[in-house]
Structures are given as C-alpha cells and as structure tokens.
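Residue-level structural notes
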Amino acid sequence: MATKSSIHIKPCRVTSSGAHNRRTAEYMRNIGESRIYIVPELTSNNEQWINPGFGSPNLQTHYENIKRMVKEKTGRAMQEKERERKGKNGKIIKVAGCSPIREGVLLIRPDTTLADVRKFGEECQRRWGITPLQIFLHKDEGHWLSGQPEAGDRESFQVGEKWFKPNYHAHIVFDWMNHDTGKSRKLNDEDMTVMQSLASDILLMERGKSKAITGKEHLERNDFIIEKQKAELQRMDVAKRHKEEQINLAEQELKQVKSEIRTDKLKSAATDAATAIASGVGSLFGSGKLKDLEQANEKLRQEVVKRDKGIDALKAKMQQMQEQHGKQIRNLQGIHNQELEAKDREISRLNSLLEKAHSWFPMFKEMLRMEKLCAVIGFTKDMIESLLTKKEAIQCSGKIYSEEHRRKFDIKNDVFRVEKHPMDSGKLMLTINRQPIGEWFKEQFDKLRQSLRILAEEPRKSRGFKL
C-alpha cells in the first residue's frame, strides 16, 4: 500500500527538538539499548538543511530574538502562555499563547530527497510567509513487528532476526512570524488543506484524508509505538479466546464420547460383561477416537500456555518501555535546563554587545532592516553588498517580490538605491528610479487591478439596438 502524504504542525519544543532531529550523542545515550524506535545502523541515511539566513542554528536563541522583535514592533511583550478574557457576551474565552516557532512532521517516500522537501518549504514561504529554518529527513525511525509482515507490506525489512516497519518522514521547523509587523501569521483550515494538497503534489504522493474526515487524532512518536503494541496484545487475546473455545468444544466432545462408551459398556454387560469391559478399556486407551481427542486437547492446552507466556512477556516489555520513556524525558529535561541556563547567560552577554553596537553605530539597525528587505525582494548577496556596503546604485531587469501584495512585478533596466529618508535622517529607504519602493509597489498593484477591471467590463459593452 502506498504511503499517503500528511503534514502535522504543532508548536516546536525549542529545548528538545534539536537533540531529537540531529540525533545528538547525548540523545542516543538516553534512548538506551532498547532502541525503542530508532535503528542506529540506518541513521547515516538521514539528511539535514539549515537556512543560511537563520544565523545561529540554536532554536532557543532564535526564540529569544523573536520575543525582542515583537516587543520592538508592537510595544507589548509576546504572550507566550494561554490566557483568558471576557467576551462581549460576558463569556470567558480562552486565548492560546503565541507559537512563533512551529514544527511540521511530513510523511515522505523512501526515495524523497532533501531538495524535494526544500521545494515544499519554499512554496510555503512564498504563499503564507512562514519561513523554513531547519529541515531534517529521518529514515531510521519506525517500529518492530511481532512477527512476519503482511503479504502486501513491501516496506518492512529484516534487521537481524526481527522485522522492522520504517516510518519515513521529515521535520520542518518554521518561523511563523511576520517580522515587519511583529505579529504571527494567520493560517486557517482552508490554508492547511491547501498545504496538504501542496505536499502531495510536490512529493508525488497520494493525498491523505484530513482529520475532519477520518476523525483520527495525530499520535506522537512514542504513543504511536505503544498503540501498536496494544493492538498486537489485543490480537493475541483474540487468538487466546479462540483456542479456549476450541478446548471447550473438544472437552464437550470428549464427555459425549465417554458417555457413549459407558452406554456401550452397560449394554454389553447384559450379554458378556467380561468381554465388554475388556473392549471398553481397549477403546479408552487404544488408538480410537477418544485417544485422538485427548491428544488434540493437550496440544491446545500447551498452545494456550505458550500464548499466555507471550502475552505476559509483551505486557512486561510495554511496562519497561513506558518506564524508559519517562526516564528519558526526565534526563532530557535536566539536560535542556542546563543548556537553557547556559544559553541565557550567553544571550545576556550578546544583548549587552548588541546594545553597545546600536549605541556606537546608530545606523546598524537600519542596515539590518534594509538587508532583510532586499533579500525578500529577491536581490542576491552581491547586489545587497553593492547597495549597503559599497553604497552603489544597481540596475536590474527581471521580477521583484512584494511581501505586502504577495506577488512579483516586472522590472526592466530600473535603478535601485539605498538612500537616507528625507523626513528622518536616522532612517534608510530603498528607492527604484528615485521613488520609494513601497509607493512603486502600490502603483504597480493599482495598475494591475485597473487592467483586470477593464478586462472584466469588456463583455458588458453595448451590442446596439434591437428592432
């Protein structure tokens, strides 16, 4: 059966996501020898990509930078926790906290490449403005089968003496914020449906059904493994009950045969008691029907005992897995807390340096803003260096992107400069042919809208008088 495309997005745990995605040595040690869901021999097949414009690959650092950006843009601290407010009708409404960094888990095929998933991430950024920060392809995860795979299963393979069912997937870590406004991107259910279809188109996979149709909730990794084990336990319980029913039927048949033997013995006693008794004993312990039933009954009992031992072993294994999982979470939490304290100290030091840089170089902040604007428009690093470092004008042809209007506009031999703002000497602005880029984008958008309106009105022209 072909794997169907699926993407599940949730708030990213910035303190633990990196350890899992990168398969750090500390993380692998905490998993322990049981290797609940990872086959280390396959880890070399994993791939990763870090956004070169991301800066520090540490998600906690990026999260703190976003908090400062939100405070700077909106004048308010970022609401990180869920809170309650009273609506107009007097009812209490729960408002979810901001999730500036989110992580999507995307099902992929065995031959899906890093370039395929990067293309999907770039299209998400183009459509909704959510920026992919990190991408990880995991081809070493899955779960162990209790026996042979099903006939139609072509993905499972043997590792040693056991069969392994792989779970090929990718993790995409997104920056969900609009850094111009300091607000979170708003994607509704329709956007998420489009994203699901986009994944199936780009990755050339069959589109999976949405949760609204199936009613199934997404399971986290360890919960999924435990559910698989529970399903196997239920299957074994059903097999056990079936065997017990067979034993009961065999015992009933055995009682009936014994009853028939006793009846035959009583009838024979009326004619020849000694001969009947000898015949009955021979029938009871010989190679007749009763002996076959007793042998079959004993075989079934042995199978039930074996099955019970297997069920007990599986229950003990599940309990052990749950205890190991809890221990791993506690160990990781301790490690993450230590890392967080160290990062907080480093962030405090860097903030101090950044404040000095802003104080010593007043235009530093504006230069960073101009660099980001030029990158969004579509300029290369060399073009940005000419505009900002060399302070030269550049002449371009092609297309440039407007984040406000979410579309590209044509340019031909147009001249771009970074100039000081005429109304505020502490500000910079990007101009095209000496016109502020924002005004130029607005004019082009108005022209496009006017041309579309004219095209829509043409069929309505008068066709003359009818006689």
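The structure this text deals with has already been given above.
Going along each chain's sequence as written, the residues are numbered from 1 onward. Since the coordinates come from a predicted model, pLDDT governs what is reported: local features require at least 70, and pairs of side-chain atoms require 80 or more to be given and counted, while whole-chain, interface and lining totals use all residues. Side-chain descriptors were evaluated using all non-hydrogen atoms of the structure, hydrogens and water having been removed beforehand.

1. So, the overall build of the protein chain
We count it as follows: Strands are runs of DSSP state E lasting at least 2 residues, helices are runs of H or I lasting at least 4, and numbering of each runs from the N terminus. Between buried and exposed lies partly exposed: a residue is buried under 20% and exposed over 50% of the maximum accessible area for its type, with that area taken using a 1.4 Å probe on protein chains only. Throughout, a contact is declared for two residues whenever any of their heavy atoms are within 4.5 Å.
Helices and strands together make up the secondary structure of the protein chain, namely 11 helices and 18 strands. For the protein chain, the proportion of its 467 residues judged to be buried stands at 33%. The contacts of the protein chain with a sequence gap of at least 6 include a subset with a gap of at least 24, amounting to 66%.

2. Description of the pattern of salt bridges
Formally: Any carboxyl oxygen of Asp or Glu that lies within 4 Å of a side-chain nitrogen of Lys or Arg is treated as forming a salt bridge with it.
Under the definition given, this model contains 19 salt bridges. Glu80 is the partner of Lys67 in a salt bridge, and the nearest nitrogen-oxygen pair spans 3.3 Å. Here the residue Lys67 occupies a position in helix 3 (residues 59-74), and Glu80 occupies one in the loop between helix 3 and strand 4 (83-86), the gap between them amounting to 13 residues. When its relative accessible area of 38% is taken as the criterion, Glu80 is described as partly exposed. We note a salt bridge from Arg118 to Glu122, for which the minimum N-O separation is 4.0 Å. On the criterion of helical spacing, the pair formed by Arg118 and Glu122 is a turn pair, its members being four residues apart in helix 4 (residues 114-128). A residue is classified by how much of its surface remains accessible, and Arg118, at 32% relative accessible area, is partly exposed. One salt-bridge network, in which partners are shared between bridges, spans Arg23, Asp140 and Glu141.

3. Some details on the sheet that holds strand 17 (residues 428-432)
Across a sheet, strands are paired by hydrogen bonds formed along the backbone, either parallel or antiparallel in direction. Threshold: Pairing between two strands requires that DSSP report at least two bridges joining them.
Pairing is antiparallel in the open sheet, where four strands are placed in the order 15-16-17-18. Sheet topology places strand 15 (394-402) and strand 18 (435-436) at the edges, where each strand pairs with a single neighbour. With two bridges connecting them, strand 17 and strand 18 associate as antiparallel partners. Looking across to strand 18, one finds that Thr431 is bridged to Pro436.

4. A closer look at the sheet that holds strand 6 (residues 101-107)
Applicable threshold: For helices, the axis comes from a line fit to the C-alpha atoms of the stretch in contact; other axes are also lines fit to C-alpha atoms, and the angle between any two N-to-C directions lies between 0 and 180 degrees.
If you trace the five strands from one edge of the open sheet to the other, you get 2-6-11-7-3, paired in antiparallel fashion. The open sheet has two free edges, formed respectively by strand 2 (7-11) and strand 3 (47-50), since each of these has just one partner strand. Averaged over all pairs of adjacent strands, the angle between strand axes in this sheet comes to 15°, irrespective of strand direction. Here strand 7 (residues 131-138) runs beside strand 11 (residues 169-175); their pairing, made up of seven bridges, is antiparallel. Bridge pairing in strand 11 places Pro132 opposite Phe174. On top of the sheet, helix 4 reaches strand 2, strand 3, strand 6, strand 7 and strand 11; it is set at about 155° to strand 7, its chief contact.

5. Structural notes on a nonpolar patch on the surface
We apply this condition: Two distance rules govern patches: like charges are joined within 9 Å, and nonpolar side chains (Val, Leu, Ile, Met, Phe, Trp, Tyr) within 5 Å, applied only to residues with over 30% relative accessible area and no salt bridge. Residue burial considers only the protein chains on display, and all accessible areas are found by Shrake-Rupley using a 1.4 Å probe.
The grouping of Leu354, Trp360, Phe361, Phe364 and Leu368 at the surface amounts to a nonpolar patch, some 520 Å² of accessible area in total. Among the elements of the structure, helix 8 (289-360) and helix 9 (364-377) are those that each provide at least two residues to the nonpolar patch. Taking the relative accessible area as the measure of exposure, Phe361 reaches 51% and is therefore exposed.

6. Observations regarding the pairing of strand 11
Among the seven residues in strand 11, seven count as buried, and that is most of the element. Side chains His169, His171, Val173 and Asp175 of strand 11 all project onto a buried face; the interleaved residues Ala170, Ile172 and Phe174 project onto the opposite face, where all are buried too. Note that strand 6 and strand 11 share seven bridges and pair antiparallel. Pairing of Arg102 across the sheet is with Phe174, part of strand 11.

7. A look at unusual backbone geometry
Phi at Arg23 takes a positive value of approximately 55°, unusual for a residue other than glycine. Residue position: Arg23 is located in the loop between helix 1 (17-22) and helix 2 (25-31). Relative accessible area serves as the criterion here: at 9%, Arg23 is assigned to the buried category. Of note in this structure, Asn433 is not a glycine but carries a positive phi near 55°. Along the polypeptide, Asn433 turns up in the loop between strand 17 and strand 18.

8. Remarks on the side chain of Glu141
Definition in use: Here a polar contact means two N or O atoms within 3.5 Å. Within protein one must be a hydrogen donor candidate and the other an acceptor candidate, and residues neighboring in sequence count only if both atoms are side-chain atoms.
Relative to the elements of secondary structure, Glu141 occurs in the loop between strand 7 and strand 8 (142-144). Separated by 3.2 Å, the side chains of Glu141 and His20 make a polar contact.

9. Let's talk about the packing of aromatic side chains
Cut-off, in case you're wondering: Two rings from Phe, Tyr or Trp (for Trp, the six-membered ring) form a pair when their centres sit within 6.5 Å of each other. Planes less than 30 degrees apart are called stacked, planes more than 60 degrees apart edge-to-face, and all others tilted. Note on geometry: a ring has a charge over it if NZ (lysine) or CZ (arginine) is within 6 Å of the ring centre and within 35 degrees of the ring normal.
Summed over the entire model, instances satisfying the criterion amount to seven aromatic pairs. Judged by centre distance (6.0 Å) and plane angle (80°), the rings of Phe174 and Trp176 are edge-to-face. Trp176 matches Phe174 in its accessibility class, with the two residues each being buried. An angle of 80° between the planes, with centres 5.1 Å apart, marks the rings of Phe379 and Phe416 as edge-to-face. With Phe379 in the loop between helix 9 and helix 10 (381-388) and Phe416 in strand 16 (residues 407-420), the pair connects residues that are 37 residues apart, well separated along the chain. Here Phe379 matches Phe416 in class, with each residue buried. Among the aromatic residues, ring-to-ring pairing joins Trp144, Phe157 and Phe164 into one connected group. Directly above the aromatic system of Trp144 lies the positively charged group of Lys162, at a separation of 4.7 Å from the ring centroid.

10. Description of helix 9
The following threshold applies: By this rule, a helix spans an expected 1.5 Å times one less than how many residues it contains. Arc, as used here, means the arc of the directions from the helix axis to the C-beta atoms.
Taking 1.5 Å as the rise per residue, helix 9 with 14 residues should run 20 Å; its terminal C-alpha atoms sit 20 Å apart, in good agreement. Among all positions of helix 9, only Glu366, Met370, Cys374 and Ile377 are buried. For helix 9, the angular spread of buried residues about the axis comes to 75°, placing them on one side. Buried residues along helix 9 sit in contact with helix 10, strand 15, strand 16, strand 17 and helix 11 (437-457). The first or second residue beyond helix 9 is Gly378, which carries a positive phi of 125°.

11. Describing the side chain of His171
Take His171: it is sitting in strand 11. Side-chain polar atoms of His171 contact the side chain of Asn21, separated by 3.5 Å. His171 has contacts with His20, Asn21, Glu103, Gly104, Val105, Gln134, Ile135, Phe136 and His138, leaving out every residue within four places of it along the chain.

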